[in-house]
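This is what each chain is made of:
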Amino acid sequence: MSDEQLLDVKNLRTSFLTSGGVVSAVRGISFSVGHGEFIGIVGESGCGKSVTMLSIMRLLAGNASVKADSLFFDGRDLLKLSSKEIRKIHGSDIGMIFQDPMTSLDPLYTIGDQIMEPLKIHKKMTRREARRKAAEMLDMVGISSPGQRLDQYPHEFSGGMRQRAMIAIAMCCDPKLLIADEPTTALDVTIQAQILELMMEMKKKFSTATALITHDLGVIASSCSRVVVMYGGLIMEIGLSEDIFYRPLHPYTNGLLNSITRAGGKERGKLIPIPGSPPDLMNPPVGCPFTARCEYAMRICAEARPSSTYVSENHSAACWLLHAKASGMRSGIARHGR
Ligand code: SF4
(Lines give C-alpha, C1' and ligand atoms only; values in the text may rest on other atoms or scores of the structure.)
Protein backbone atom coordinates (compact mmCIF):
# COMPACT_ATOMS: atom_id res chain seq x y z
CA MET A 1 0.00 0.00 0.00
CA SER A 2 1.24 3.47 -0.80
CA ASP A 3 2.21 5.49 2.29
CA GLU A 4 0.23 8.39 0.89
CA GLN A 5 -3.09 6.57 1.05
CA LEU A 6 -5.17 6.64 4.19
CA LEU A 7 -7.71 4.15 2.88
CA ASP A 8 -6.79 1.60 0.24
CA VAL A 9 -9.46 -0.77 -1.04
CA LYS A 10 -8.61 -3.60 -3.43
CA ASN A 11 -11.21 -5.75 -5.14
CA LEU A 12 -13.99 -5.31 -2.59
CA ARG A 13 -16.95 -7.67 -3.03
CA THR A 14 -20.07 -7.51 -0.90
CA SER A 15 -23.10 -9.74 -1.26
CA PHE A 16 -26.24 -10.35 0.76
CA LEU A 17 -27.99 -13.65 1.25
CA THR A 18 -31.72 -12.95 0.98
CA SER A 19 -34.80 -15.16 0.81
CA GLY A 20 -34.88 -14.53 -2.96
CA GLY A 21 -31.21 -15.41 -3.53
CA VAL A 22 -27.79 -13.75 -3.36
CA VAL A 23 -27.62 -10.04 -4.17
CA SER A 24 -24.17 -8.99 -5.39
CA ALA A 25 -24.24 -5.37 -4.27
CA VAL A 26 -20.54 -4.57 -4.75
CA ARG A 27 -18.75 -6.66 -7.36
CA GLY A 28 -15.03 -6.00 -7.18
CA ILE A 29 -14.07 -2.37 -6.74
CA SER A 30 -10.72 -0.76 -5.97
CA PHE A 31 -10.07 2.83 -4.92
CA SER A 32 -8.13 4.82 -2.38
CA VAL A 33 -8.50 7.96 -0.28
CA GLY A 34 -5.42 10.04 0.48
CA HIS A 35 -4.69 11.77 3.80
CA GLY A 36 -6.75 14.95 3.95
CA GLU A 37 -8.42 14.27 0.59
CA PHE A 38 -12.09 15.13 -0.09
CA ILE A 39 -13.45 12.41 -2.35
CA GLY A 40 -16.95 12.02 -3.74
CA ILE A 41 -18.66 8.70 -4.43
CA VAL A 42 -21.60 9.27 -6.72
CA GLY A 43 -24.26 7.19 -8.43
CA GLU A 44 -27.94 6.42 -8.49
CA SER A 45 -29.70 4.70 -5.63
CA GLY A 46 -28.74 1.01 -5.40
CA CYS A 47 -25.41 1.40 -7.23
CA GLY A 48 -23.47 0.14 -4.20
CA LYS A 49 -21.97 3.39 -2.92
CA SER A 50 -23.35 3.21 0.65
CA VAL A 51 -22.79 -0.55 0.86
CA THR A 52 -19.16 0.07 -0.07
CA MET A 53 -18.58 2.35 2.91
CA LEU A 54 -20.63 0.21 5.29
CA SER A 55 -18.57 -2.80 4.17
CA ILE A 56 -15.36 -0.94 4.97
CA MET A 57 -16.76 -0.04 8.38
CA ARG A 58 -18.02 -3.60 8.89
CA LEU A 59 -21.42 -2.18 9.75
CA LEU A 60 -23.55 -4.51 7.64
CA ALA A 61 -26.16 -6.99 8.85
CA GLY A 62 -25.31 -10.63 9.49
CA ASN A 63 -26.55 -11.76 6.06
CA ALA A 64 -23.76 -9.77 4.37
CA SER A 65 -20.54 -11.31 3.11
CA VAL A 66 -17.62 -8.90 2.68
CA LYS A 67 -14.49 -10.01 0.82
CA ALA A 68 -11.54 -8.08 -0.53
CA ASP A 69 -7.98 -8.66 -1.64
CA SER A 70 -7.03 -5.97 0.88
CA LEU A 71 -8.74 -3.29 2.92
CA PHE A 72 -6.16 -1.06 4.55
CA PHE A 73 -6.97 1.93 6.73
CA ASP A 74 -4.09 3.95 8.16
CA GLY A 75 -1.72 1.02 7.76
CA ARG A 76 -4.06 -1.54 9.37
CA ASP A 77 -5.80 -4.34 7.51
CA LEU A 78 -9.45 -3.92 8.50
CA LEU A 79 -10.21 -7.47 7.41
CA LYS A 80 -7.90 -8.81 10.10
CA LEU A 81 -9.19 -6.72 13.00
CA SER A 82 -11.53 -8.16 15.63
CA SER A 83 -14.99 -6.64 16.16
CA LYS A 84 -13.65 -5.00 19.32
CA GLU A 85 -10.77 -3.38 17.42
CA ILE A 86 -13.15 -2.21 14.71
CA ARG A 87 -15.43 -0.65 17.34
CA LYS A 88 -12.43 1.30 18.68
CA ILE A 89 -11.87 2.77 15.22
CA HIS A 90 -15.52 3.82 14.90
CA GLY A 91 -16.01 7.24 16.35
CA SER A 92 -12.29 7.79 16.93
CA ASP A 93 -10.26 7.32 13.74
CA ILE A 94 -13.31 7.19 11.47
CA GLY A 95 -16.29 9.46 12.02
CA MET A 96 -19.60 9.01 10.27
CA ILE A 97 -22.54 11.19 9.33
CA PHE A 98 -25.72 9.76 7.87
CA GLN A 99 -28.62 11.17 5.86
CA ASP A 100 -31.13 11.45 8.67
CA PRO A 101 -29.59 12.57 11.96
CA MET A 102 -32.79 11.56 13.77
CA THR A 103 -32.00 7.90 13.12
CA SER A 104 -28.41 8.33 14.36
CA LEU A 105 -29.08 10.53 17.39
CA ASP A 106 -30.58 8.83 20.42
CA PRO A 107 -33.81 10.67 21.32
CA LEU A 108 -33.44 9.65 24.99
CA TYR A 109 -30.09 11.35 25.56
CA THR A 110 -29.18 15.03 25.46
CA ILE A 111 -27.02 16.31 22.61
CA GLY A 112 -24.29 16.98 25.16
CA ASP A 113 -24.30 13.38 26.42
CA GLN A 114 -24.04 12.14 22.85
CA ILE A 115 -21.00 14.30 22.09
CA MET A 116 -19.40 13.51 25.44
CA GLU A 117 -19.77 9.74 25.10
CA PRO A 118 -17.03 9.18 22.46
CA LEU A 119 -14.77 11.69 24.24
CA LYS A 120 -15.02 9.70 27.46
CA ILE A 121 -14.57 6.34 25.71
CA HIS A 122 -11.89 7.14 23.15
CA LYS A 123 -10.09 10.12 24.68
CA LYS A 124 -10.55 8.99 28.30
CA MET A 125 -11.79 12.46 29.29
CA THR A 126 -13.49 13.15 32.60
CA ARG A 127 -17.11 14.33 32.45
CA ARG A 128 -16.03 17.91 33.08
CA GLU A 129 -13.36 17.84 30.35
CA ALA A 130 -15.74 16.15 27.92
CA ARG A 131 -18.45 18.74 28.60
CA ARG A 132 -16.04 21.60 27.94
CA LYS A 133 -14.90 19.97 24.69
CA ALA A 134 -18.51 19.22 23.67
CA ALA A 135 -19.43 22.91 24.10
CA GLU A 136 -16.38 23.87 22.01
CA MET A 137 -17.47 21.45 19.28
CA LEU A 138 -21.03 22.81 19.20
CA ASP A 139 -19.63 26.31 18.93
CA MET A 140 -17.29 25.20 16.12
CA VAL A 141 -20.15 23.76 14.09
CA GLY A 142 -22.04 27.04 14.38
CA ILE A 143 -24.58 26.32 17.12
CA SER A 144 -25.19 29.39 19.27
CA SER A 145 -25.40 29.26 23.09
CA PRO A 146 -23.58 25.92 23.10
CA GLY A 147 -23.54 25.68 26.92
CA GLN A 148 -27.35 25.64 27.03
CA ARG A 149 -27.77 23.57 23.87
CA LEU A 150 -25.76 20.73 25.40
CA ASP A 151 -28.65 19.98 27.76
CA GLN A 152 -31.27 19.84 25.03
CA TYR A 153 -32.62 16.71 23.35
CA PRO A 154 -32.51 16.00 19.58
CA HIS A 155 -36.21 16.87 19.13
CA GLU A 156 -35.46 20.40 20.36
CA PHE A 157 -33.03 20.91 17.44
CA SER A 158 -34.02 21.77 13.85
CA GLY A 159 -32.99 19.40 11.02
CA GLY A 160 -29.97 21.55 10.12
CA MET A 161 -28.91 21.85 13.78
CA ARG A 162 -29.21 18.09 14.23
CA GLN A 163 -26.89 17.54 11.28
CA ARG A 164 -24.47 20.09 12.77
CA ALA A 165 -24.63 18.17 16.05
CA MET A 166 -23.88 14.94 14.14
CA ILE A 167 -20.84 16.63 12.61
CA ALA A 168 -19.74 17.69 16.11
CA ILE A 169 -20.07 14.07 17.30
CA ALA A 170 -18.26 12.71 14.25
CA MET A 171 -15.41 15.23 14.54
CA CYS A 172 -14.97 15.44 18.32
CA CYS A 173 -12.28 12.74 18.50
CA ASP A 174 -10.36 14.28 15.59
CA PRO A 175 -10.88 11.40 13.12
CA LYS A 176 -8.55 10.75 10.21
CA LEU A 177 -11.47 9.92 7.92
CA LEU A 178 -15.00 11.28 7.88
CA ILE A 179 -17.58 9.26 5.96
CA ALA A 180 -20.66 11.29 5.08
CA ASP A 181 -23.50 9.31 3.54
CA GLU A 182 -25.97 11.64 1.80
CA PRO A 183 -25.54 14.16 4.65
CA THR A 184 -27.56 16.91 3.00
CA THR A 185 -30.32 14.97 1.24
CA ALA A 186 -32.92 15.41 3.99
CA LEU A 187 -32.30 19.15 4.32
CA ASP A 188 -33.63 22.11 2.42
CA VAL A 189 -31.41 23.73 -0.18
CA THR A 190 -30.10 26.63 1.94
CA ILE A 191 -29.26 24.37 4.87
CA GLN A 192 -27.67 21.86 2.46
CA ALA A 193 -25.22 24.51 1.30
CA GLN A 194 -24.42 25.52 4.89
CA ILE A 195 -23.75 21.92 5.96
CA LEU A 196 -21.53 21.32 2.96
CA GLU A 197 -19.62 24.50 3.68
CA LEU A 198 -19.22 23.40 7.29
CA MET A 199 -17.85 20.02 6.18
CA MET A 200 -15.31 21.75 3.95
CA GLU A 201 -14.34 24.09 6.80
CA MET A 202 -13.84 21.07 9.11
CA LYS A 203 -11.75 19.35 6.47
CA LYS A 204 -9.53 22.43 6.18
CA LYS A 205 -9.27 22.97 9.91
CA PHE A 206 -8.51 19.39 10.91
CA SER A 207 -7.06 18.04 7.60
CA THR A 208 -9.58 15.23 7.86
CA ALA A 209 -9.96 13.08 4.77
CA THR A 210 -13.61 13.01 3.76
CA ALA A 211 -15.57 10.50 1.68
CA LEU A 212 -18.85 12.06 0.62
CA ILE A 213 -21.43 9.61 -0.69
CA THR A 214 -24.14 11.25 -2.72
CA HIS A 215 -26.52 10.89 -5.65
CA ASP A 216 -26.19 14.64 -6.21
CA LEU A 217 -23.51 15.71 -8.67
CA GLY A 218 -24.14 19.33 -7.70
CA VAL A 219 -22.86 18.57 -4.20
CA ILE A 220 -19.77 16.87 -5.62
CA ALA A 221 -18.93 19.77 -7.94
CA SER A 222 -18.49 22.28 -5.17
CA SER A 223 -16.59 20.17 -2.70
CA CYS A 224 -14.64 17.15 -3.94
CA SER A 225 -11.18 17.03 -5.46
CA ARG A 226 -11.66 13.50 -6.82
CA VAL A 227 -14.79 11.60 -7.84
CA VAL A 228 -15.67 7.91 -8.04
CA VAL A 229 -18.70 7.15 -10.25
CA MET A 230 -20.46 3.87 -9.40
CA TYR A 231 -23.10 1.87 -11.24
CA GLY A 232 -24.37 -1.70 -10.86
CA GLY A 233 -21.96 -2.48 -8.01
CA LEU A 234 -18.92 -1.45 -10.05
CA ILE A 235 -16.80 1.64 -10.56
CA MET A 236 -17.50 3.16 -13.95
CA GLU A 237 -15.10 6.08 -13.77
CA ILE A 238 -12.61 7.70 -11.39
CA GLY A 239 -11.03 11.08 -11.97
CA LEU A 240 -10.22 14.48 -10.60
CA SER A 241 -13.32 16.61 -10.26
CA GLU A 242 -12.39 18.62 -13.37
CA ASP A 243 -11.91 15.38 -15.35
CA ILE A 244 -15.35 14.14 -14.40
CA PHE A 245 -17.10 17.44 -15.07
CA TYR A 246 -15.24 18.62 -18.16
CA ARG A 247 -13.72 15.49 -19.72
CA PRO A 248 -16.01 12.57 -18.82
CA LEU A 249 -15.04 9.28 -20.43
CA HIS A 250 -17.90 6.99 -19.52
CA PRO A 251 -21.36 7.20 -21.13
CA TYR A 252 -22.96 6.81 -17.68
CA THR A 253 -21.03 9.78 -16.27
CA ASN A 254 -21.93 11.71 -19.39
CA GLY A 255 -25.60 10.85 -18.93
CA LEU A 256 -25.53 12.09 -15.34
CA LEU A 257 -23.90 15.35 -16.35
CA ASN A 258 -26.29 15.98 -19.23
CA SER A 259 -29.23 15.33 -16.94
CA ILE A 260 -28.08 18.11 -14.62
CA THR A 261 -27.61 20.53 -17.50
CA ARG A 262 -31.06 19.77 -18.89
CA ALA A 263 -32.68 20.09 -15.49
CA GLY A 264 -31.67 23.71 -14.82
CA GLY A 265 -33.54 26.03 -12.43
CA LYS A 266 -35.07 24.43 -9.38
CA GLU A 267 -34.08 20.92 -10.35
CA ARG A 268 -30.42 21.80 -10.83
CA GLY A 269 -28.19 19.40 -8.94
CA LYS A 270 -30.67 16.54 -8.86
CA LEU A 271 -30.18 13.41 -10.90
CA ILE A 272 -32.82 13.06 -13.57
CA PRO A 273 -32.97 9.32 -14.21
CA ILE A 274 -31.41 8.15 -17.43
CA PRO A 275 -34.05 6.13 -19.35
CA GLY A 276 -34.23 2.51 -18.21
CA SER A 277 -33.47 0.94 -14.85
CA PRO A 278 -30.32 -0.20 -13.08
CA PRO A 279 -29.49 -3.92 -13.42
CA ASP A 280 -30.91 -6.60 -11.14
CA LEU A 281 -27.99 -7.42 -8.87
CA MET A 282 -29.51 -10.78 -8.01
CA ASN A 283 -28.74 -11.69 -11.62
CA PRO A 284 -26.03 -9.20 -12.52
CA PRO A 285 -25.13 -8.81 -16.18
CA VAL A 286 -22.02 -10.63 -17.37
CA GLY A 287 -20.79 -7.64 -19.34
CA CYS A 288 -20.96 -3.91 -18.74
CA PRO A 289 -23.83 -3.20 -16.32
CA PHE A 290 -24.83 -0.11 -18.29
CA THR A 291 -25.42 -2.03 -21.57
CA ALA A 292 -29.22 -1.94 -21.46
CA ARG A 293 -29.27 1.86 -21.08
CA CYS A 294 -26.27 2.86 -23.15
CA GLU A 295 -26.74 4.49 -26.53
CA TYR A 296 -23.27 3.32 -27.59
CA ALA A 297 -23.68 -0.34 -26.57
CA MET A 298 -22.01 -2.87 -28.84
CA ARG A 299 -22.25 -6.63 -28.89
CA ILE A 300 -19.13 -7.07 -26.78
CA CYS A 301 -20.62 -4.85 -24.04
CA ALA A 302 -23.20 -7.52 -23.14
CA GLU A 303 -20.69 -10.35 -23.44
CA ALA A 304 -17.68 -9.20 -21.41
CA ARG A 305 -17.03 -6.71 -18.65
CA PRO A 306 -14.61 -3.97 -19.72
CA SER A 307 -11.62 -3.41 -17.44
CA SER A 308 -10.50 0.07 -16.40
CA THR A 309 -8.49 2.03 -18.93
CA TYR A 310 -6.30 4.88 -17.68
CA VAL A 311 -6.11 7.93 -19.88
CA SER A 312 -3.96 9.78 -17.34
CA GLU A 313 -2.47 9.05 -13.93
CA ASN A 314 -5.67 10.00 -12.13
CA HIS A 315 -8.37 9.38 -14.71
CA SER A 316 -9.77 5.99 -15.71
CA ALA A 317 -13.03 4.46 -16.89
CA ALA A 318 -14.37 0.98 -17.54
CA CYS A 319 -15.85 1.13 -21.03
CA TRP A 320 -15.21 -0.76 -24.26
CA LEU A 321 -15.21 2.58 -26.09
CA LEU A 322 -11.78 3.21 -24.58
CA HIS A 323 -10.42 0.12 -26.30
CA ALA A 324 -7.88 1.09 -28.97
CA LYS A 325 -10.10 -0.31 -31.74
CA ALA A 326 -13.09 1.83 -30.73
CA SER A 327 -11.49 5.24 -31.19
CA GLY A 328 -14.04 6.26 -33.84
CA MET A 329 -16.90 5.56 -31.44
CA ARG A 330 -15.24 7.61 -28.70
CA SER A 331 -15.33 10.73 -30.79
CA GLY A 332 -19.13 10.19 -30.83
CA ILE A 333 -19.25 10.61 -27.06
CA ALA A 334 -17.18 13.75 -27.29
CA ARG A 335 -19.62 15.17 -29.87
CA HIS A 336 -22.72 14.29 -27.88
CA GLY A 337 -21.23 15.01 -24.51
CA ARG A 338 -20.72 18.33 -22.83
FE1 SF4 B 1 -21.81 1.60 -23.10
FE2 SF4 B 1 -20.46 -0.55 -23.82
FE3 SF4 B 1 -19.19 1.45 -22.65
FE4 SF4 B 1 -20.85 -0.06 -21.27
S5 SF4 B 1 -18.93 -0.70 -22.22
S6 SF4 B 1 -20.75 2.13 -21.23
S7 SF4 B 1 -22.45 -0.49 -22.77
S8 SF4 B 1 -20.21 1.48 -24.65
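Note: the structure precedes this text.
Residues numbered from 1 in each chain as written. Predicted model: local features only at pLDDT ≥ 70, side-chain atom pairs only at ≥ 80, totals over all residues. Heavy atoms only, no water.

K.L.:
How do you make sense of the environment of C294 when you look at a structure like this?
P.N.:
Assignment of secondary structure puts C294 in the loop between α11 (251-263) and α12 (299-303). Separated by 39 residues in sequence, C294 and G255 place their C-alpha atoms 9.1 Å apart. (Helix = DSSP H or I, 4+ residues; strand = E, 2+ residues; numbered from the N terminus.)

K.L.:
What am I meant to see in helix α7 (residues 159-171) here?
P.N.:
An α-helix turns once per 3.6 residues; consequently, residues spaced three or four apart project the same way. Compared with the 18 Å implied by 1.5 Å per residue over 13 residues, the 18 Å span of α7 between its first and last C-alpha is a close match. α7 sits mainly inside the fold: 12 of its 13 residues count as buried. (Expected span 1.5 Å × (residues − 1). Buried < 20%, exposed > 50% of the residue type's maximum accessible area, 1.4 Å probe, protein only.)

K.L.:
How should the pattern of salt bridges be read in this particular structure?
P.N.:
Summed over all chains, the structure comprises 13 salt bridges. Between D69 and R13 there is a salt bridge, and its shortest N-O distance comes to 3.3 Å. You can see D69 sitting in the loop between β4 (64-67) and β5 (70-73) and its partner R13 sitting in strand β1 (residues 5-18), a full 56 residues away along the chain. The class for R13 is partly exposed, based on a relative accessible area of 29%. Ionic pairing is found between K176 and D74, a salt bridge with its closest N-O pair at 2.9 Å. Here K176 is found in the loop between α7 and β8 (177-181), whereas its partner D74 is found in the loop between β5 and β6 (76-77), with 102 residues between them in sequence. Look at K176 and you get partly exposed, because its relative accessible area is 34%. Taken together, the salt bridges that share partners define one network made up of D74, R76, D93 and K176. (Salt bridge = Lys/Arg side-chain N within 4 Å of Asp/Glu carboxyl O.)

K.L.:
In this structure, what is going on with the site of the ligand? I would like to understand it.
P.N.:
As a structural note, the neighbourhood of the ligand is formed by H250, P251, C288, T291, C294, Y296, A297, C301, P306, C319, W320 and L321. Counting atoms within 2 Å of the grid points, the majority share of the ligand lands in the largest cavity. Among the residues forming the shell around the ligand, the class breakdown is 10 nonpolar, two polar and no charged. (Near = heavy atom within 4 Å. 1 Å grid on protein atoms, 1.4 Å probe; cavity = no way out; pocket = protein on both sides within 12 Å on 5 of 7 lines; lining within 4 Å. Sits in = over half its atoms within 2 Å of the grid points. Nonpolar A, V, L, I, M, F, W, Y, C, P; charged D, E, K, R; others polar.)

K.L.:
Got a minute to help me understand the side chain of H315 in this structure?
P.N.:
Along the chain, H315 turns up in strand β13 (residues 315-318). On the accessibility criterion, H315 (3% relative accessible area) is buried. When near neighbours in sequence (up to four residues on either side) are disregarded, H315 contacts E237, I238, G239, D243, R247, L249, T309 and Y310. (Contact = heavy atoms within 4.5 Å.)

K.L.:
I tried to follow unusual backbone geometry on my own but got confused; where do I start?
P.N.:
Negative phi values dominate among residues other than glycine, just as trans dominates among peptide bonds. Phi at R58 takes a positive value of approximately 55°, unusual for a residue other than glycine. Tracing the sequence through the fold places R58 in the loop between α1 (49-56) and β4. Positive phi values are uncommon outside glycine, yet S207 reaches one of about 55°. Among the structural elements, S207 can be located in the loop between α8 (189-206) and β9 (209-214).

K.L.:
Could you clarify how one ought to interpret the nonpolar core in this entry?
P.N.:
One broad rule of soluble globular proteins: the nonpolar side chains tend to lie buried together. Membership of the largest hydrophobic core comes to 58 residues, with the highest contact counts inside it found for I115, L138, V141, I167, L212, V229 and Y252. For this core, the leading source of residues is α7, giving eight residues. Excluding residues within four positions of it along the chain, V229 makes contact with V42, L234, I235, M236, E237, I244, Y252, T253 and L256. (Core = buried A, V, L, I, M, F, W, Y, C linked by side-chain atoms within 4.5 Å.)

K.L.:
I would appreciate a short explanation of the packing of helix α4 (residues 111-122) against α7 in the present structure.
P.N.:
The geometry of a pair of packed helices is captured by two quantities: the angle between their axes and the separation between those axes. Relative orientation of the contacting elements α4 and α7 amounts to 20°, with a least axis distance of 8 Å. Relative to α7, the element α4 lies roughly parallel. Our pair here, α4 against α7, has a crossing hand that is right-handed. Across the interface between the two elements, I111, Q114, I115 and P118 from α4 touch A165, A168 and I169 from α7. (Axes fitted to C-alpha atoms, helices over the stretch in contact; angles between N-to-C directions. Parallel < 35°, antiparallel > 145°, perpendicular 65-115°, else oblique. Left-handed = near helix turned anticlockwise from the far one by under 90°.)

K.L.:
How should the pairing of β13 be read in this particular structure?
P.N.:
On a regular strand, each side chain points to the face opposite its neighbour's, so the side chains alternate between the two faces of the sheet. Judged by which residues are buried, β13 turns out to be covered on both faces: H315 and A317 on one side and S316 and A318 on the other are all buried. As paired elements, strand β11 (residues 234-240) and β13 share two bridges and run antiparallel to each other. Among the inter-strand pairings, I238 is bridged to a residue of β13, identified as S316. Of the strand pairs in this sheet, strand β12 (residues 308-312) and β13 are connected by four bridges, and their pairing is antiparallel. Within the sheet, the bridge partner assigned to S312 lies in β13 and is H315. What sits between β12 and β13 in their antiparallel hairpin is a turn of two residues. (Pairing = 2+ DSSP bridges.)

K.L.:
What am I meant to see in the packing of α4 against helix α5 (residues 127-140) here?
P.N.:
Relative to each other, α4 and α5 sit at 120°, their axes nearing to 9 Å. Considering how the two elements wind past one another, α4 and α5 form a crossing that is right-handed. Here I111, G112, D113, I115, M116, L119 and K120 of α4 lie close against α5, whose contacting residues are R127, A130, R131, K133, A134 and L138.

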